[in-house]
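Residue-level structure breakdown
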Amino acid sequence: MISGITPILIYTLIIYPAMITIDHLTYSYRHGFTAISDATASIAPGIHLLLGENGAGKTTLLRLIAGLLFPSAGSVEADGCDMSRRCPSTLKKVFMLPDSMEIPATTIRGFAGMHSRFYPTFSQETFEENLHDFRLTGHENFNQLSLGLRHKSLLAYVLALGVDVLLLDEPANGLDIDSKKTLRNMLARCTGPDQTVIVSTHTVSDLRELYDGLIMLSRGRLLLARPTWEIAEKISCVATPIPPADALFTEQGPGVFLSVTANRGNEDSDLNYALLYSALMSGARDAILNQINSQTSES
Ligand SMILES: Nc1ncnc2c1ncn2[C@@H]1O[C@H](COP(=O)(O)OP(=O)(O)OP(=O)(O)O)[C@@H](O)[C@H]1O
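To start, this report covers the structure provided alongside it.

Criteria and thresholds
Residues numbered from 1 in each chain as written. Predicted model: local features only at pLDDT ≥ 70, side-chain atom pairs only at ≥ 80, totals over all residues. Heavy atoms only, no water. Pairing = 2+ DSSP bridges. Helix = DSSP H or I, 4+ residues; strand = E, 2+ residues; numbered from the N terminus. Phe/Tyr/Trp six-rings, centres within 6.5 Å; stacked < 30°, edge-to-face > 60°. Buried < 20%, exposed > 50% of the residue type's maximum accessible area, 1.4 Å probe, protein only. Core = buried A, V, L, I, M, F, W, Y, C linked by side-chain atoms within 4.5 Å. Contact = heavy atoms within 4.5 Å.

**Focus on the pairing of strand 12 (residues 249-252)**
Direction of pairing for strand 12 relative to strand 13 (residues 257-262): antiparallel, over a ladder of four bridges. Among the inter-strand pairings, Thr250 is bridged to a residue of strand 13, identified as Ser259. Linking strand 12 back to strand 13 in an antiparallel pair, the connection comprises four residues, with Gly255 at a positive phi of about 80°.

**Topic: the packing of aromatic side chains**
This model, assessed by the stated rule, comprises seven aromatic pairs. Note on Phe111 and Tyr157: the rings are 5.5 Å apart at their centroids and 70° apart in plane angle, and the pair reads as edge-to-face. Of this pair, Phe111 sits in helix 4 (residues 108-115) while Tyr157 sits in helix 6 (residues 147-158), placing them 46 residues apart in sequence. Here Phe111 matches Tyr157 in class, with each residue buried.

**Side note on the nonpolar core**
Taken as a class, soluble globular proteins show a tendency for nonpolar side chains to be buried jointly. Phe95, Phe127, Tyr157, Leu187, Leu224 and Ile288 are the most contacted members of the largest nonpolar core, which has 63 residues in total. Excluding residues that lie within four positions of it along the chain, Leu187 makes contacts with Ile47, Leu159, Leu168, Val197, Val199, Leu207 and Leu210. Core analysis: the second largest hydrophobic core is formed by 29 residues, Tyr27, Ala56, Val94 and Leu222 among them.

Here you go:
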């Protein structure tokens, strides 16, 4: 957690124990640049949106969670195991799909045949269904596919792995409009209640309806890692003809003002991730984080 632990959050963590625990995590590249600085968070099962500006440290964080980088300080645990120990029993439960990936095989089926042996939860049936939904046979020569088709082949495979922790770096990159809809349905179908998926993206609209949590990084600092319901309980994203007097942040949209306000009436409101991102990147950041981290009066 970024701030104090609220009773609601304790309740949440008891009902849904954290799959990923990040404790004072710091990572510096060899030349000394610190890409992740003292990050602490608990991430429960569900689909989480990871946001941050270019160079914020999103890929570095995903690689640390996957055990592909070793922390300079602090730790990352997945399912209770320290990822830097690279225990085979934990590694088979975690997979990171980078934004571009080469495969040591001519077809995605050939790759799946070799690679899935390390992932006992892989489902051939789900893989077939995913290939079908993307209108792929899986017999296409991978290196002769377009960028989008290569990406769809990989997504069809990794979403069939059934791993506890799936880390997706820009999964909708290069996908056409219909394929993005297919990906959204596939992700919903392939993600069980005990799985944790983190989606790093700059395009927040593609999978908007799916997110259970929001993680926000800026300049290597973890600003926020919370379930979306908890954020929506504290703030509202509203569109009005004139900005509300108590708006914490406002930007002008086409014909309306888009604002972030405190959710004083405990009203249900959908989070506008693009608006929230702009708000957290503005001078209103502290006011919005204070509001999100504030205790509810009855808690
Ligand atoms: N191998 C590396 N060696 C040195 N510095 C690196 C290396 N990889 C990344 N960095 C630096 O670490 C910082 C975080 O990079 P990272 O790739 O994690 O950011 P990101 O949030 O994923 O960015 P983007 O949205 O542009 O993909 C950047 O300043 C980047 O230049």
